[in-house]
Each structure stands twice: as structure tokens, then as C-alpha cells.
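Per-entry structural report
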Amino acid sequence: MTGNQMNNLEGRLRELTTWHGEPPEVWKRAMSGDQAGAAARGGIILRILNWPAPRLVAACLGLIVIGLIAVSIFSGDLGKARDQARYPTASALQQSGRNQRNLAEAYAAYPSNALRAQARPLTSRTPRVGTDMGGSGLGSGLGGASVPGRRQPTGRPGSPPGSGIVAGSSGLSGGTGAHSRLGSGLGGGGTSGPAERTAPPLMIAQPDLPPDAIPPDGRHVIQKATIEMKTDDVRGAFLKTQHLISAASGEYVENSSLSGSGRDAYASLTLRIAVDRLSDVLNELRQLGEVTSEQLAGEDVTAQVVDLEARLRNEQRVETELLELLASREDAPLKDVLDLRNAIGQVRRNIEQMTAQRQRLGRLVSLATVLVLIRHDSEADDERATTDQTLGEYFGESIGRSWTTGLQYLADSIAFTVRMLIGGLIWWVLAIAALLLARHLARRKLAAAPFR
Amino acid sequence: MPHDSTDEVLLRRFVAGQREALGELAQRYELHLLGLARGMLGGRDDLACDAVQETWMRVIRYGASFNGRSSFRTWLYRILINRCRSTRKNEGRRPKSRQADPPQEAGQSPAATASPDEDNRELHAAVAQLAAAKREVLLLCYHADLTHEQAAKILRIPPGTLKSRLHAALEELRKRLATEGRS
């Protein structure tokens, strides 16, 4: 092929890809289609995914932070958690595992004679009797159903003492199932479910608690009491409470804590008190501040003790018989002698175990457990301040207090946000990685889309 | 709108909502696109128009996702070539009876297109018999003012590959034309 022919071919090839005539303006047809309008606008997700990575990540983080702050501000959980952290209630402490050996042991019934007289017919199969006093001992008798898990309302001194039984939603219906764990013999409701939530013990206010911890009829009762109070001087009350124990009677402070200061002061003590002094100690405790909640519980372990003692006596008799047998059969074959000795060893082990159990029960019965929770009485402060101050001072004080409270909530919100950000860091990183991956895939898909 | 705006700027303007920017892009490229499509689709103007229209629709639809890694021209031609491939594939699947009439020049009657350029028809037929890869290289390299480098980018092949394919395509084309000329 010559150079001319070559040029001719190239020219013809160029001609092949050249459009002759007027352009048909197909782009206008493309624009007029419905797809065109929609496509030109593009989807918002598409546009967002097309953002630069730093902008996208910053936007996501911003959204997360805003969400967390909103959650922390508008949800009551934060405020509740904060209050619980500062002023844990008895139920909170109980749930925290401090006295998790047995819920019933923690809040078993107090064996009031009068109360037992009422409770026995209802609790013949469940000897535990639960009481929950919603006041400082001046409230009504058997009151309406309290709300377990929450702090009981402050006792009103004006409530008529001993006003008898005020039935709750279901009156004095006998509790069943889990209720019996927490003295549901007197509990309202009577439905199944977690003891403390679904079987609220009836509120019982007793002007005077029974002095006899171990009743004269020989019953063995493990006694537990919880008393919550508020006072101006938490530290003073804390120290006075510690001095209530009598070392001579074998009493001791199982644990104690004092935290915070001023309005945030909070103290808790667990006392082991001789049962015969329980009533006196509780009376003295009530003098230390305004009682906001009081719970008494007792667990009747008489049957256990009786059973244990019977089994113990039986095992001791068996041991005696075996020893006599061993002494009388000195000429018996060695195998028989060894078998006999093994049997004696087993019986002695049983005796030791039962003796230990009996001693443990005896300790539990002889020393009652008293949980004392003391917090600062801010309402009294407020009331005092209100009455003593002029309107201007009160206004200034209120603004200052609001400012402080606001800052505290702000700090809590920030702390909550930081906690969520740091605590969930691995999830945030994974989420951002997933987002970037999605963006990458979306972009790839988009880039390839025109060519499909 | 200033006429010296780059293609990318015009595309961004169009994505931002200035519809007239697409008109300017069309002014720059539509004739070239139509010509190339016509060449790739065996001289069929109707198919070429369809392919170019679909190309513009994809530009409209996916203009926002144009990432600027290649030039707009490369991107546009890539879309067109894919459209042409797809059209050829669809045409190949269609029954012969349903296929469109033989190629004719735009704006001319069938009677007029039958006579004017017998050589062009031969060339079309010879080019159509080439393998797709060679045909695309050949047409792109002799299309408008595209350089070999630009053609290589459009086809996503190295320049060396493009040149070797071009050489092979020309050789094969010459042989075919010579054979047809003798026959």
C-alpha cells in the first residue's frame, strides 16, 4: 500500500466517525425525560455519601454527640442514676449485692407480737412476716401498698397513729410464690413475680416496736431492720450511730461508710445488734433524724432449728450405739471393725456439720442486722433559709442554687457523653469504618453506574 | 456563561442546577459523539442517536457522582463506548426481520444513501468484521482530534497496547479491503 493509499484509508476512517448534517440535539430529548429531572437533583443519601470523608465523619460524630446529649438531658435515667449514686436506697443497696446471701434474710419480718397475732393466720405456711413502714413510726397501721424499689415517702407526723388496716389494692390477701420470700403474708396483690416488685408489702407503721426479739414461745427468728433517715448533721448522726452498739453484748459494726459533705453528705452503717436491744437501738436511731423509711423483717427459722436439733440428737445416739458396738466386738474380723469405724467417721462428720449449722443459726438469731442509711436533709435547710431570708436574698439564693444545679447537670451530661464516647469507642470506630466502607462501595457503584 | 469554562466546570454548574451548562457541553461534544457512535454502530444513524441520547441521560443522572479522576471528555467517551457496545449486543440478539434498515445518511432518503458512497459501505463492512477491541481502537484513533493517549485512557488500556492493536487492526483492514477489492 502506498503512502497515498494510506492517507486515503486514514481519511476514510476519519470520515467514518464524522457526523454529517445538522446535529439532532439529542441532549434536549435526554433532558426532557422524567428521569432527567430526578437524576439532576440526585438523592440526598447519594449526595451525603459523596461528601469528603472528614466532613462525613465529623457530621456523624456531631450527630452522635447531639443525640447523646439529648438523651442525657431528656431521659430521666441520668438524673435517677445520679440520685442513686448519691443517695442509694435500701433496695438499691440490697440489689448491689451487699446482702445478697438471701433476700428474705435481709428483710425478714420483725416478730411483733401484735403483728404476728394478725399475721399468723395468713402466714401459717410462710412464717416470714414483712413490714414496711412508710413513716417515722407515726403512720397508720397496716397501710396501702407501698411502691417497692423506690424510696418511701416521707412520714407525716400528722398521720393518725394506729389507724388500723388500710387495705391496698387487694387488702390482706395472702401472697403466694415469690411473695413469701419477703413477707408476702401481708402483701397486697397476690400475683406471681419478683418478690420486691410485684408483692408490695403493706405499709405498717408501729408506734412502738416489740421489745422481745426472741419470743417467749421459743421461736427462733432472724431479724433484720432497715432505717433510712435524713438529718442536718450527717456526720454527727453517723458517729452517734456507731456509739449505739454495745461491745459487751457482742454487738459490732459490720460495715460503715461516710461520704460527701454538706448537702451531698451520705452515710450508711450495718450494725449487728443483740436482739433484746433491737427495739431500744431503733428507738435511739429514730431520735437522730427524721425517718423517711423503715423496714423490719424476720425469718422464722424455728422449724429449721428444731429439725436440726432432732437430727443432731439422732446422729449423736447413732454415734453412741456404734461406739458401744465397736467396744463389744473387739474380736470381730478386721474388715467388720474397719467398716464400723468408717460408719462412725461418717456420723461424726454429720454431727459436726449440723453443729456448725446450728451455731450459725444461733448467731443469726442472737444478733439482729440493722442497716442505717443517713442523708442530708436539704429540705430543712431550704425551709430555714426561706423563712430567714428576705425576698431578694431568697431570689439570689435560688438563682445561685439553680446555677449550681444547672452546672451540675451540664457536668453530668458532659460526663455521660464522654462515658458513652469512650466506653463505646470500639463501636464508634466500627461504625465509622462501616460508614466509610459503605461510602467507598457506594462511590464505586456510582462511578461504574454510567457505564452500565 | 463564559465560553471558556472547562468541561468539568460546566458539569458542576449543571449539577448545581444550571441546565444551560449541559447545552454548552452538548455543543462541544454532541457532533463528535454522534460521529463516533455512527462509526461504531455500522453507520446506523438511528442507533447512533439512541446511543448518544442514552449517554446524555447518564451524564444527567450520574453527573453528581463524577469524581474528576479522569477528564470529562474521557468519562463521556467511556459512557458512549459502553452504550455502543450494549447497543451492538442488543442488535445482535434481535431477529434479523426486526432489525432496522441499512445505514443511511442523516437527512437523506434511502434512495440517496444507496448510491453515494459505495466505498464507505465497504469500509463499514470491513470495520464491522474486525474484532471489537481492534474496531474500537481503530475508530477512536481516527476520530476527531483524539490523541492516542486519550484513546488509551478512554479504553483503559496502556498506550503500547493501543498502538499494537491499532497496527494489527490497520493490517487486517487493509487485507480485507484488498480481498474485497479483488473479488
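Quick notes on the rules
Residues numbered from 1 in each chain as written. Chains lettered and ligands numbered in written order. Predicted model: local features only at pLDDT ≥ 70, side-chain atom pairs only at ≥ 80, totals over all residues. pLDDT = per-residue confidence, 0-100. Helix = DSSP H or I, 4+ residues; strand = E, 2+ residues; numbered from the N terminus. Axes fitted to C-alpha atoms, helices over the stretch in contact; angles between N-to-C directions. Left-handed = near helix turned anticlockwise from the far one by under 90°. Contact = placed C-beta atoms within 7 Å. Nonpolar A, V, L, I, M, F, W, Y, C, P; charged D, E, K, R; others polar. Buried ≥ 20, exposed ≤ 12 C-beta atoms within 10 Å, placed from the backbone. Pairing = 2+ DSSP bridges. Parallel < 35°, antiparallel > 145°, perpendicular 65-115°, else oblique. Core = buried A, V, L, I, M, F, W, Y, C linked by C-beta atoms within 7 Å. Domains from an automatic or database assignment. Expected span 1.5 Å × (residues − 1). Bend = angle between axes of the 7 residues up to and from the residue.

A word on the confidence of the model for chain B. Residues and elements named next belong to chain B. Across chain B, the average pLDDT comes to 82, with 82% of residues at 70 or higher. Averaged pLDDT values for the elements of chain B fall to 40 in helix α5 (residues 110–114) and rise to 92 in helix α8 (residues 148–155). Model confidence for the complex: the whole-complex pTM is 0.41, and ipTM, which rates the interface, is 0.77.

Moving on, we come to the packing of helix α1 (residues 7–16) of chain B against helix α2 (residues 20–40) of chain B. All names here are of chain B. Their axes nearest at 7 Å, the elements α1 and α2 cross at an angle of 150°. You can see that α1 and α2 cross each other, and the crossing is left-handed. Across from Asp7, Leu10, Leu11, Arg13 and Phe14 in α1, the residues of α2 making contact are Ala21, Leu22, Glu24 and Leu25. Tallied by class, residues from the contact of α1 with α2 come to six nonpolar, no polar and three charged.

Glancing now at the pairing of strand β4 (residues 221–231) of chain A. All names here are of chain A. Judged by how many residues are buried, β4 sits mostly within the fold: eleven of eleven residues are covered. Residues Val221, Gln223, Ala225, Ile227, Met229 and Thr231 line one face of β4 and the alternating positions Ile222, Lys224, Thr226, Glu228 and Lys230 line the opposite face, and both faces are buried. For β4 and strand β7 (residues 290–300), the ladder comprises ten bridges, and the chain directions are antiparallel. Looking across to β7, one finds that alanine 225 is bridged to leucine 296.

This next bit is on the interface of chain A and chain B. Contacts between chain A and chain B engage 33 residues on the former and 39 residues on the latter. When residues of the side of chain A that touches chain B are traced back to their parent elements, those giving at least two are α1 (3–16), α2 (26–32), α3 (34–41), α4 (44–49) and α17 (425–448) of chain A. For the side of chain A that touches chain B, the element with the highest residue contribution is α1 of chain A, accounting for six residues. By residue class, the composition of the side of chain A that touches chain B is 19 nonpolar, eight polar and six charged.

All right, on to the environment of proline 23 of chain A then. Relative to the assigned elements, proline 23 of chain A resides in the loop between α1 and α2. Among the residues examined, proline 23 of chain A registers 16 C-beta atoms within 10 Å and is labelled partly exposed. The residues contacting proline 23 of chain A, other than those within four sequence positions of it, are Glu30, Leu31 and Leu34 of chain B.

Let's shift gears to the packing of helix α3 (residues 45–62) of chain B against helix α4 (residues 72–93) of chain B. Residues and elements named next belong to chain B. Where α3 meets α4, the axes come as close as 9 Å, and the angle between the chain directions of the two elements is 135°. Regarding the angle of α3 to α4, the classification is oblique. Judged by the twist between their axes, the crossing of α3 over α4 is right-handed. For the pair α3 and α4, the contacting residues are Leu47, Asp50, Ala51, Val52, Glu54, Thr55, Arg58 and Val59 in the first and Leu76, Ile79, Leu80, Arg83, Cys84, Thr87 and Glu91 in the second.

What follows covers the nonpolar core. Residue and element names in this part refer to chain B. Grouped together as the largest cluster of nonpolar side chains are 60 residues, with contacts concentrated most on Ala37, Val52, Trp56, Leu80, Leu138 and Ala151. No fewer than three residues from each of domain 1 (1–100) and domain 2 (117–183) sit in this core. Setting aside its immediate chain neighbours within four residues, leucine 80 contacts Leu33, Leu36, Ala37, Ala51, Val52 and Thr55.

Helix length check: helix α16 (residues 391–423) of chain A, at 33 residues, gives a terminal C-alpha distance of 46 Å against a target of 48 Å (1.5 Å per residue), a fit within 8%. Among the 33 residues that make up α16 of chain A, one are buried, leaving the element largely open to the surroundings.

One turn of the α-helix equals 3.6 residues, which is why residues spaced by three or four share an orientation. Residues and elements named next belong to chain B. In this model α2 runs 29 Å from its N-terminal to its C-terminal C-alpha over 21 residues, within 8% of the 30 Å that 1.5 Å per residue would give. Taken as a whole, α2 carries its principal kink of about 50° at tyrosine 29. Counted residue by residue, α2 has 15 buried out of 21 residues, so it is predominantly covered. Of the residues one or two after α2, glycine 42 is the one with positive phi, at around 70°.

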